[in-house]
Amino acid sequence: MKEDMKNFMEAVWKNHRGRFIGTITGLFIGLSVLVFGFFKTLFVLICAVIGLYIGGKIDHHEDLFRLLEKLIPTRFR
């Protein structure tokens, strides 16, 4: 039985990876909205997207100070 489940999960991951990730993500977001509320969930998602963006810049070996110079207007420096 465990071997059948393992084979099934491997087949799902291999053939339907996008749908699987989308389903898990949708389930997680839906439960978050029900438990914490829409705006708290939205805040967490925005923080996650910002972290993903900054992490991508770091992965591509971009300078974080240059990135901050682009994001922060010169009148606030």
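Residues numbered from 1 in each chain as written. Predicted model: local features only at pLDDT ≥ 70, side-chain atom pairs only at ≥ 80, totals over all residues. Heavy atoms only, no water.

**Topic: the overall build of the protein chain**
Then, number 1: On a plain count of helices and strands, the protein chain comes out with four helices and zero strands.
Then, number 2: Overall, the protein chain shows an N-to-C arrangement of helices and strands of α-α-α-α.
Then, number 3: Over its C-alpha atoms the protein chain spans a radius of gyration of 19 Å, topping by over 25% the 11 Å that the globule rule assigns to 77 residues.
Then, number 4: Once the C-alpha set of the protein chain is aligned to its principal axes, its extents read approximately 65 × 35 × 15 Å.
Then, number 5: Within the protein chain, buried positions represent 6% of all 77 residues.
Then, number 6: As displayed, the protein chain offers around 7300 Å² of accessible surface, 70% of which is attributable to carbon and sulfur atoms. (Helix = DSSP H or I, 4+ residues; strand = E, 2+ residues; numbered from the N terminus. Rg over C-alpha atoms; globule rule 2.2 N^0.38 Å. Buried < 20%, exposed > 50% of the residue type's maximum accessible area, 1.4 Å probe, protein only. Areas by Shrake-Rupley, 256 points an atom, 1.4 Å probe, with all protein chains shown as cover.)

**Structural notes on the confidence of the model for the protein chain**
Then, number 1: Averaged over all residues, the pLDDT of the protein chain equals 87, while 95% of them reach at least 70.
Then, number 2: In the model of the protein chain, helix H4 (residues 64–71) stands out as the element of lowest mean pLDDT, 76, in contrast to helix H2 (residues 17–36), which has the highest, 92. (pLDDT = per-residue confidence, 0-100.)

**Remarks on H2**
Then, number 1: The terminal C-alpha atoms of H2 lie 28 Å apart, and with 20 residues this matches the ideal 28 Å at 1.5 Å per residue to within 8%.
Then, number 2: Positive phi appears at Gly 37, one or two residues downstream of H2, with a value of about 105°. (Expected span 1.5 Å × (residues − 1).)

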